[in-house]
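# Examination of the molecular architecture
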Amino acid sequence: GRGSRLVGSGSAVPKHLITNEDLSKFVDTSDEWISVRTGIRNRRVLGEEESVTSLSVEASRKALEMANVKPEDVDLLLLCTSTPDDLFGSAPQVQKLLGCHNALAFDLTAACSGFVLGLVTATRFIRGGGYENVLVVGSDALSRYVDWTDRGTCILFGDASGALLLQAATDDQDSLLGFDLRSDGNGHKHLHVTVDSVAESSSSGAETNGAAFLQPGKASYECLQMNGKEVFKFAVRAVPQVVEGALQEAGITGNDVDWLLLHQANQRILDSVSDRLHIPSEKVISNLANYGNTSAASIPLALDEAVRSGKVKAGDVVATAGFGAGLTWGSAIVKW
Ligand code: ACO
């Protein structure tokens, strides 16, 4: 059979940096509160010259360079994002700007789980045949949807992009050792960015007068709404389960894991999940102090930094897990 191998990584972050100190000037918070409760110290936020598309192009270019693959040799580009520059999808713009003339490009939306879902999707495209080089890009700019007056959420998020390149290989070279993916719409109320008009029509009850639906709409989105405590409880309960599930599918145990790379949401979630999995803290990859929660970008961004710094080496087993809005969550065990 055919395998799918990880051959390159890249990442990009906006220039503009916001410290905890900066935030404490416009919401009632402090560096101490944010560091102790979340582990976050800095985050990057898109400036005027930057976009989800531009960061995605930069991250992808670096991944192609590392793998020494030409843009025209890419067959598929998956842009995992919940904050595209265009609601119809931003992947084709990334494709155009990269010069991936021969690639199919489309968006995949699953908030903070987007990258893990994209990685599994890409692998299955390659294993199924007909696709040799696939770029999986995770990019988000939640700064666009965060209420910057809400101290309960605005302290958490940052913007970034990360990309991995997967390449067709032999069966025994396959990088995806196992996965376990889940979703449950019942938890939607705990974390969402809802379109305004939908929220209005549902709150005003069943409106059967057809004319109401025919008004020209200028839809906008509400700010990100989150019940932090519920999301926290969900993450520490659900994430260890899917990591265990994915390890089982891979036929290995936590002892065989070189690195635990969770979606970078909160250091306390990382600590609690690694504890429950009995994976020591030296094996936990964490860079959220520098970037906060960058949604679909957090896993490829942290992996790219760990690879480029020499921390993650060829052959290392990395247990990844994403979790977030939907709710969606999932784990993929990969070999670098
Ligand atoms: N600065 C100072 N005080 C604050 C701040 C702040 N930034 N935010 C909240 N507080 C106050 C609250 O008002 C509350 O005060 P009170 O006790 O007087 O009412 C107190 O601090 C405690 O607030 P909690 O919300 O109970 O604090 P908690 O310890 O739960 O931490 C946090 C909040 C950091 C949001 C935490 O719940 C969390 O990280 N949850 C997970 C969120 C997450 O990861 N979401 C992303 C998922 S991924 C995706 O798909 C987007």
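Please read these numbers as outputs of a predicted model, since none were measured by experiment.

### Quick word on the overall build of the chain
- When helices and strands are tallied, the chain shows ten helices and 13 strands.
- For the chain, the C-alpha radius of gyration of 20 Å lies close to 20 Å, the compact-globule estimate for 336 residues.
- Here the C-alpha coordinates of the chain stretch approximately 55 × 45 × 40 Å along the principal axes.
- The 336 residues of the chain split such that 50% are buried.
- In the chain, 81% of the contacts between residues at least 6 apart in sequence involve partners at least 24 apart.

### As for the environment of Gly-330
- Relative to the helices and strands, Gly-330 resides in strand S13 (residues 328-335).
- Judged by C-beta crowding, with 27 C-beta atoms within 10 Å, Gly-330 ranks as buried.
- In this structure, the C-alpha to C-alpha distance between Gly-330 and Ser-113, residues 217 residues apart in sequence, is 6.7 Å.
- In this structure, Gly-330 is in contact with Ser-113, Val-116, Leu-117, Phe-179, Asp-180, Leu-181, Arg-182, Val-242, Ala-321 and Gly-322, ignoring residues within four places of it in sequence.

### Concerning the sheet that holds strand S1 (residues 2-12)
- What the five strands build is an open sheet, ordered S1-S7-S6-S4-S5; its pairing is mixed. Pairing within the sheet leaves two strands with one partner each, and these edge strands are S1 and strand S5 (104-108). Direction aside, the axes of adjacent strands within the sheet are offset by 20° on average.
- Bridging between strand S4 (residues 76-80) and strand S6 (residues 133-141) involves five bridges; their strand directions are parallel.

### Things to note about the site of the ligand
- The local shell around the ligand holds 22 residues, among which Thr-29, Cys-112, Gly-228, Ala-265 and Gly-324 are the closest.
- Looking at the shell around the ligand residue by residue, the class counts come to eleven nonpolar, eight polar and three charged.

### Comments concerning the nonpolar core
- Counting residues in each nonpolar core, the largest one holds 104 residues, and the members touching the most others are Leu-77, Val-136, Val-137 and Leu-261.
- At nine residues, helix H7 (residues 228-250) tops the list of elements feeding residues into this core.
- Dropping the residues within four chain positions of it, Leu-77 is found in contact with Ala-91, Val-94, Gln-95, Cys-100, Ala-103, Ala-105, Leu-135 and Val-137.

### Considerations on the packing of helix H3 (residues 52-67) against helix H4 (residues 91-98)
- At their nearest, the axes of H3 and H4 sit 9 Å apart, and the two run at 50° to each other. Considered as vectors, H3 and H4 are oriented oblique to each other. Here H3 runs over H4; the crossing is right-handed. On the side of H3, the interface is formed by Thr-53, Ser-56, Val-57, Ser-60 and Arg-61, while H4 contributes Gln-93, Val-94, Leu-97 and Leu-98.
- The class makeup of the residues in the contact of H3 with H4 is four nonpolar, four polar and one charged.

### Structural notes on unusual backbone geometry
- Of note, the amide linkage connecting Gly-326 to Leu-327 takes the cis form, showing an omega dihedral of -5°.
- Along the chain, the position of Leu-327 falls in the loop between strand S12 (317-324) and S13.
- A positive phi angle, close to 60°, is found at Asn-68, a residue other than glycine.
- Relative to the assigned elements, Asn-68 resides in the loop between H3 and S4.
- Despite not being glycine, Ala-111 has its phi angle at roughly 45°, a positive value.
- Mapping Ala-111 onto the fold places it in the loop between S5 and helix H5 (114-128).

### What to know about H4
- Residues of H4 that are buried: Ala-91, Gln-93, Val-94, Gln-95 and Leu-98.
- Residues of H4 that are buried make contact with H3, S4, S5 and S6.

### Section: the UniProt feature "domain: Beta-ketoacyl-[acyl-carrier-protein] synthase III C-terminal" (unreviewed entry) in the chain
- Sites flagged by UniProt as "domain: Beta-ketoacyl-[acyl-carrier-protein] synthase III C-terminal" (unreviewed entry) map to residues 247-336.
- Within the segment residues 247-336, helix and strand shares are 32% and 22% respectively, and the terminal C-alpha atoms sit 16 Å apart.

### Things to note about the sheet that holds S13
- Read from one edge of the open sheet, four strands run S8-S13-S12-S11, paired in mixed fashion. Both outer strands of the open sheet, strand S8 (176-183) and strand S11 (259-262), are each paired with one neighbouring strand and no more. The sheet shows a mean angle of 10° between the axes of neighbouring strands, direction not considered.
- Pairing between S8 and S13: seven bridges, direction antiparallel. Residue pairing across strands places Ser-183 opposite Thr-328, the latter belonging to S13.

### A closer look at the UniProt feature "domain: Beta-ketoacyl-[acyl-carrier-protein] synthase III N-terminal" (unreviewed entry) in the chain
- Taken from the UniProt record, the annotation "domain: Beta-ketoacyl-[acyl-carrier-protein] synthase III N-terminal" (unreviewed entry) applies to residues 106-185.
- Helix makes up 19% of residues 106-185 and strand 40%. Its end C-alpha atoms lie 23 Å apart.

About the criteria used
- Residues numbered from 1 in each chain as written.
- Predicted model: local features only at pLDDT ≥ 70, side-chain atom pairs only at ≥ 80, totals over all residues.
- Helix = DSSP H or I, 4+ residues; strand = E, 2+ residues; numbered from the N terminus.
- Rg over C-alpha atoms; globule rule 2.2 N^0.38 Å.
- Buried ≥ 20, exposed ≤ 12 C-beta atoms within 10 Å, placed from the backbone.
- Contact = placed C-beta atoms within 7 Å.
- Pairing = 2+ DSSP bridges.
- Axes fitted to C-alpha atoms, helices over the stretch in contact; angles between N-to-C directions.
- Near = placed C-beta within 6 Å.
- Nonpolar A, V, L, I, M, F, W, Y, C, P; charged D, E, K, R; others polar.
- Core = buried A, V, L, I, M, F, W, Y, C linked by C-beta atoms within 7 Å.
- Parallel < 35°, antiparallel > 145°, perpendicular 65-115°, else oblique.
- Left-handed = near helix turned anticlockwise from the far one by under 90°.
- UniProt positions renumbered as here; feature names shortened; annotations may be inferred.

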